Amino acid sequence: LTKTQVPTFTLSPTSLSLICGDMSSRTFTVTPANIPSGANVTYDWSHSGWDLVSQTTNTYTLKPSSATALPSSVDVTPRINGVAQDYKSCTVSRATFGVASMSITGEEYVCNTGIYSISNLPANISIQSVTSSNTSVATVSSAVNNQFTVTKVSDGLVTLSVVLRNQCNQTATITKPLQVGIPQ
């Protein structure tokens, strides 16, 4: 009694997380196993939002068509002698908007007014809003050319919050605690 091995296919990678603005090429590979001798294996690829860079029988190298629009998943349907097998898919998602390299610069103490900005602010990231956690202690002006002013209203503590937006319309918030006026 001889048991026939079942043909299988694996796609690598099976998931991909793209950083906003990343236009680098990615290679997707289908690996077949237990294919009957003499069988004709072909692959039908689907990759909306990707541009084809190069291909072989079982490998596609693709790059995103846009720096800001997230491309679709990459799907492949293997065929053995024209018969479709279970399709394989690589799920594509948007990576979290990272702001670890950016911070609010300026003094931690505000006597009457203080001028603040965002350090390491890339050109493709904008300041969406700047707020004070307690406007009865301090107010903050809108950002102009990466600068904003905190103005004392009364003595106390506030948290300065800045919402940043990248070119993919993702937002992230960075904060800075401030002592305003004379400590209690």
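Look up a bit, the structure's there.
Everything numeric in this text was worked out from a predicted model, so none of it was measured. (Residues numbered from 1 in each chain as written. Predicted model: local features only at pLDDT ≥ 70, side-chain atom pairs only at ≥ 80, totals over all residues. Heavy atoms only, no water.)

Next up on the list: the pattern of salt bridges. Between side chains of opposite charge, pairing is possible as soon as their charged atoms come close. In this structure the tally under the stated criterion is 3 salt bridges. Of the charged contacts in the structure, one is a salt bridge between Arg-79 and Asp-44, with a shortest N-O distance of 2.5 Å. Pair noted here: Arg-79 is in strand S7 (residues 74–80) and Asp-44 is in strand S4 (residues 41–46), with a separation of 35 residues, a long-range link. What makes Arg-79 partly exposed here is its relative accessible area of 26%. With a closest N to O distance of 3.0 Å, Asp-155 and Lys-152 form a salt bridge. Given the relative accessible area of 31%, Lys-152 is considered partly exposed. (Salt bridge = Lys/Arg side-chain N within 4 Å of Asp/Glu carboxyl O. Helix = DSSP H or I, 4+ residues; strand = E, 2+ residues; numbered from the N terminus. Buried < 20%, exposed > 50% of the residue type's maximum accessible area, 1.4 Å probe, protein only.)

Looking now at the sheet that holds strand S5 (residues 50–55). Across the sheet, which stays open at both edges, the 4 strands sit in the order S1-S3-S6-S5 with antiparallel pairing between neighbours. Of all the strands in the sheet, just strand S1 (8–12) and S5 have a single pairing partner and so form its edges. Sheet twist, expressed as the average angle between the axes of neighbouring strands with direction ignored, equals 25 degrees. Sheet topology note: the strand S3 (residues 26–33)/strand S6 (residues 59–64) ladder contains 4 bridges and is antiparallel. Bridging from a neighbouring strand, Thr-29 pairs with Thr-59 of S6. (Pairing = 2+ DSSP bridges. Axes fitted to C-alpha atoms, helices over the stretch in contact; angles between N-to-C directions.)

For the structure shown, the criterion picks out 3 aromatic pairs. On the numbers, 5.6 Å between centres and 80 degrees between planes, the contact of Phe-28 with Trp-50 is edge-to-face. Here Trp-50 lies in strand S5 and Phe-28 lies in strand S3, a separation of 22 residues in the sequence. Both residues of the pair, Phe-28 and Trp-50, belong to the buried class. When the ring of Trp-45 is compared with that of Tyr-60, the centres are 4.4 Å apart and the planes differ by 15 degrees; the resulting orientation is stacked. Separated by 15 residues along the polypeptide, Trp-45 in strand S4 and Tyr-60 in strand S6 bring together distant segments of the chain. Of the two residues, Trp-45 and Tyr-60, both sit in the buried class. (Phe/Tyr/Trp six-rings, centres within 6.5 Å; stacked < 30°, edge-to-face > 60°.)

Geometric values such as these leave the question of function open.
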